[in-house]
Structures are given as structure tokens and as C-alpha cells.
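Overview (structure and organization)
So the chains spell out like this:
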Amino acid sequence: MQFGIMTIGDVTTDPTTGTTPTDHERIMATVAIAKKAEEVGLDVFATGQHHNPPFVAPANPPVLLSYLAGQTSTITLSTSTTLITTTDPVRIAEDYAYAQHLADGRLDLMMGRGNTGAVYPWFGKDIRSGLELAVENYHLLRRLWREERVDWQGEFRTPLNSFTSTPRPLDNVPPFVWHGSIRSPEIAEQAAFYGDGFFHNHIFWNIEHTTQMVNLYRQRFEHYGHGAADQAFVGLGGQVFMAETEKQAKDYFRPYFDNAPVYGHGPSLEEFERITPLTVGTPEQVIERYLGYADAVGDYQRQLFLLDHAGLPLNVVLDQIEILGTEVVPVLRREFDARRPAHVPSDAPSHASLVAEGPTSKHLQVRPAQPSDEGER
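The sections below set out a description of the structure shown in this document. Everything numeric here is computed off the predicted structure, so don't read it as measured data. Position numbers for residues count from 1 along each chain, tracking the sequence in the order it is written. In keeping with the predicted nature of the model, local features appear solely for residues at pLDDT of at least 70, side-chain atom pairs appear and are counted solely at 80 or more, and the whole-chain, interface and lining totals rest on all residues. The side-chain numbers reported here are obtained from all heavy atoms of the structure, hydrogens and water having been left aside.

Let's shift gears to the overall build of the protein chain. Each helix and strand counted, the protein chain has twelve helices and twelve strands in total. Its C-alpha atoms give the protein chain a radius of gyration of 20 Å, within 12% of the compact-globule value 21 Å for 377 residues. Burial classification: accessible surface area is computed with a 1.4 Å probe over protein chains only, and a residue below 20% of its type maximum counts as buried, one above 50% as exposed, and the rest as partly exposed. Taking all 377 residues of the protein chain together, 55% fall into the buried category. Throughout, a contact is declared for two residues whenever any of their heavy atoms are within 4.5 Å. When contacts within the protein chain are restricted to residue pairs at least 6 apart in sequence, those whose partners lie at least 24 apart make up 72%. The accessible surface values rely on the Shrake-Rupley method and a 1.4 Å probe; as for residues, cover is taken only from the protein chains in view. Of the roughly 15600 Å² that the protein chain leaves accessible, carbon and sulfur atoms contribute 52%. Neither His nor the chain ends contribute to the count of charged residues, in which Lys and Arg are positive and Asp and Glu negative. To locate a charge, take NZ of a lysine, CZ of an arginine, CG of an aspartate or CD of a glutamate. Charge-centre separation for the protein chain: the mean point of 30 positive side chains lies 4 Å from the mean point of 48 negative side chains. The way it works is that DSSP assigns letters per residue, a run of H or I at least four long becomes a helix, a run of E at least two long becomes a strand, and they are numbered from the N terminus. The quantity called the radius of gyration is restricted to C-alpha atoms. Its globule counterpart is 2.2 Å times the number of residues to the power 0.38.

Written out as C-alpha cells, the structure is:
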């Protein structure tokens, strides 16, 4: 099973000191976090995509991922959001293929619509067309990565005539794609249709909702002939803060939680813990909490944690990654692997595994062969 870190790249004032990092400090902290994640044996580092303050998560994630490719050697580099709605699919195809080469295949990405309404008109789009944009743009992206010459006529961009995206994907095998969604069943359906991964970043949601969304994806994954429902590729988000005792963890983290731009001044820390995966306590409490998620959604392949947010100092974040990598993840990995049936994949597809599938791989098809389901989609 894959464990890793995701960042949203927020630039937030530390409520305990009044210190706000500069953009440069926050960007270099992100690099340090990715390198620390690899050092302690984590599998994935993922970055968001933002075009607006107070975030410095890259507007063009392949810039950061390409730099990290030269700073790391084993960790998979990913996005926690690639804005498929407001980023031109031609740009996505070319930039991520280039980054895939620089990372020697250690790259995948997660598609997302984005929930910041103001961003859409900045790029000439309408948020009311978000779902339609996600569907059309992703299908074009698949063609650009899988066909050397593309003729395209769609609703949301200018036509393409005998267009070739360059560079071609490494070994002619496109990166594996996850589709991230919190509340849209249409995106779970899209992920299932193509046999891609489905990532439910439920850091603001209760597990009952998460279970419902994951189960829909699993059922449709099986319906479209990609394998049994329990073989579908599922990822979850998470948030933790750890210390030797629960009291120490809560005493330290509470001012950060209470003043966080996203959820501060709302539910109490305890209430938020009760209804979301946020766990503030000991490593043992984190282990117990997260082992329970496989009971709710089934055996899954990727767990990403948000640690560097709400103004937490870099040295504290690095300590949290150390605890996660040395005390928490080894136990989670062992326990998840022990309970996983042999026919259920333990990891998401990698570049090496997709190359090994050869030229008949479903992954290489623009539109995977589907059962006859006229009128159901």
C-alpha cells in the first residue's frame, strides 16, 4: 500500500508567533517536506494546483515535480489536484509528459475540477460547466497521450488538426491518473469508465459519505469490466497531528486549528475530529483510527496525509513526517497487507507495472472496451 504526503501550499500566519512565511520560504519548505517524506520511507509526495492567494502551490505543478525529480530518487511524485477544467489539455499532455521523462517514470497525477469559483473566468471558463469541462478535457487528454496525430472538435477549445503532443510519454506509456472528487458521483463514474483510480479527499467529510462515493466507484468499475469491485484503485485523504500524549498533541495543535483559514472559527477541534479523519493524539491513536477506514471503504491502495497547513512551522512538520514514517506507516502497512486478499492489488499502477503489461494493456486504450450498456451512462 502507498502512503504519502499531500500539500495545498497555503501561506498562513503562525497564530502562536504572528510570523508569516514569505512565498520563497514556503516554496523551499515544500521541497524540504518532499525530501523528508522520501527519507523516512514514504511512497508519494503530491502537490495541489492553485492560482490564487494565500497559496503558493504551483499554478503549473510540473515545475515543482520536475525539480523534485532531481532532488529525489525513489518517491512517486504526483498532484493532489491537476485542474482539468481550467488548464488546457494540450498543456497538461505536454508538461506532464516532460516531467514524466525527468522523473524517469516516477509520476502520476490526480484530476480535479477545482472549487474556487473565481479561477474559472480567469481562464475564460464558466464554473457552471465544470463537469462538462472535466469530461471533455480528460477525453482529449487521453487521446493526446495515446494517439500520435489527433483531430479534435469539441465545445470548450479550438479544434485540433493532425496535432501531435510532444514529448511523447515515456516508453509510450502515459502516467496513471486518479480522479479526485468529494461530492460528484459523475467523477466517480468517469474514473470507473476508464479504469482509472478514484481518490476521495474526505478531510472535511464524514466516513458515511466517503463510503457511499467509493462504493459507487467500485460498482461501476466492475460494471465496465475492469475487474471485481474490490480490485478498483481507491485513495483517501487524511489529517493528523501527533505527540507522546493526546493532551500534548491537542494543546499544541489547538491554536493552529482554531485559527486555520479553512476551518478555523467553526466546529471545535473535538467535533471536527469526530466527523472527519482529522486525528490529533498519539501515533497509536492514529494507527487505530486509520486501520478502521479499510473496514468502511474496503482494502485500498493509497493514503495521503495533509500535515503542512494552518501555519505550522517547518521543523514541526518535519518532525510529524518523521513520526508518520517511522512509527505509524510501518504498522499501517503491515496490518493493511495482512488483511488484504491476494486478488486485491496492494499498490496503484506504477510506470514499471504499466510498461510490463505490454501493448495490449487497457491503460493504452483511449476508450477501454466496455460492456453494452446503452442508455445507462
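Alright, that's what it looks like, and here's the rest.
For the rest of this paragraph, the subject is the packing of aromatic side chains. Note on aromatic pairs: the rings of Phe, Tyr and Trp (six-membered ring only in Trp) are paired at centre separations within 6.5 Å, and the planes decide the class, stacked below 30 degrees, edge-to-face beyond 60, tilted for the rest. Counted according to the given criterion, the structure contains 21 aromatic pairs. Among the aromatic residues, those joined into a ring-pair cluster are Phe 176, Trp 178, Phe 198, Phe 199, Tyr 217, Phe 221 and Phe 233.

Next up on the list: unusual backbone geometry. Omega for the peptide link from Pro 53 to Pro 54 comes to 10 degrees, which places this bond in the cis form. Tracing the backbone shows Pro 54 in the loop between strand E2 (44-47) and helix H2 (61-71). Of the consecutive residues Thr 166 and Pro 167, the connecting peptide bond is found in the cis state with omega at -5 degrees. Positionally, Pro 167 belongs in the loop between strand E7 (160-163) and strand E8 (177-180). Not every positive phi belongs to a glycine, and Ser 162 is a case in point at roughly 50 degrees. Turning to its location among the elements, Ser 162 is positioned in strand E7. The exposure class assigned to Ser 162 is partly exposed, which follows from its relative accessible area of 45%. A positive phi angle, close to 65 degrees, is found at Ala 310, a residue other than glycine. Locating Ala 310 in the fold gives a position in the loop between strand E12 (302-306) and helix H11 (314-339). Residue classification places Ala 310 among the buried residues on the basis of a relative accessible area of 3%.

Within the secondary structure, Trp 145 sits in helix H5 (residues 130-146). In the structure, Trp 145 is positioned 51 residues away from Glu 94 in sequence and 8.7 Å away in space, judged by C-alpha atoms. When neighbours within four sequence positions are excluded, Trp 145 is seen to be in contact with Ile 92, Ala 93, Tyr 96, Ala 97, Leu 109, Arg 168, Pro 169, Pro 174, Pro 175 and Val 177.

Take His 179: it is sitting in strand E8. A distance of 3.3 Å separates polar atoms of two side chains, one belonging to His 179 and the other to Gln 190. Between N or O atoms, a polar contact is any pair within 3.5 Å; within protein, one atom must be a potential hydrogen donor and the other a potential acceptor, and residues adjacent in sequence are included only when both atoms are from side chains. Reaching out from His 179, the side chain makes a polar contact with the side chain of Asp 196 at a distance of 2.8 Å. Setting aside its immediate chain neighbours within four residues, His 179 contacts Met 110, Met 111, Tyr 138, Ile 187, Gln 190, Ala 191, Asp 196, Gly 197, Phe 198 and Phe 199.

Glancing now at the packing of helix H1 (residues 23-39) against H2. Lines are fitted to the C-alpha atoms to define the axes, a helix being fitted only along its stretch in contact, and any angle between axes, read from their N-to-C directions, falls within 0 to 180 degrees. At a minimum axis distance of 11 Å, the contact between H1 and H2 shows a crossing angle of 50 degrees. By the angle between their axes, H1 is oblique relative to H2. The interaxial crossing formed by H1 with H2 has right-handed handedness. Touching Thr 30, Val 31, Ala 34 and Lys 35 of H1 are Leu 64, Tyr 67, Leu 68 and Gln 71, all from H2. Put simply, angles under 35 degrees are roughly parallel, angles over 145 are roughly antiparallel, angles from 65 to 115 are roughly perpendicular, and the rest are oblique. Left-handed describes a crossing whose near helix is turned anticlockwise from the far helix through less than a right angle; right-handed describes the clockwise counterpart.

Moving on, we come to the nonpolar core. Definition used in this section: a nonpolar core is a set of buried Ala, Val, Leu, Ile, Met, Phe, Trp, Tyr and Cys residues joined via side-chain atoms within 4.5 Å. Ile 5, Leu 42, Phe 45, Tyr 217, Phe 253, Tyr 300 and Leu 324 are the most contacted members of the largest nonpolar core, which has 100 residues in total. Ranked by residues supplied to this core, first place goes to H11 with nine residues. Every residue in contact with Tyr 217, bar those within four places of it in the chain, is listed here: Ala 188, Ala 191, Ala 192, Asp 196, Gly 197, Phe 198, Ala 232, Phe 233 and Val 234.

Closest axis-to-axis distance for the helix H7 (residues 207-223)/helix H10 (residues 283-297) pair is 9 Å, and the angle between their directions is 50 degrees. Comparing the axis directions of H7 and H10 gives the class oblique. When H7 is examined against H10, the residues Ile 207, Thr 210, Thr 211, Val 214 and Arg 218 are found in contact with a partner set consisting of Tyr 293, Ala 296 and Val 297. In this classification, the charged set is Asp, Glu, Lys and Arg, the nonpolar set is Ala, Val, Leu, Ile, Met, Phe, Trp, Tyr, Cys and Pro, and all remaining amino acids, among them Gly, are polar. For the contact of H7 with H10, the class distribution of residues is five nonpolar, two polar and one charged.

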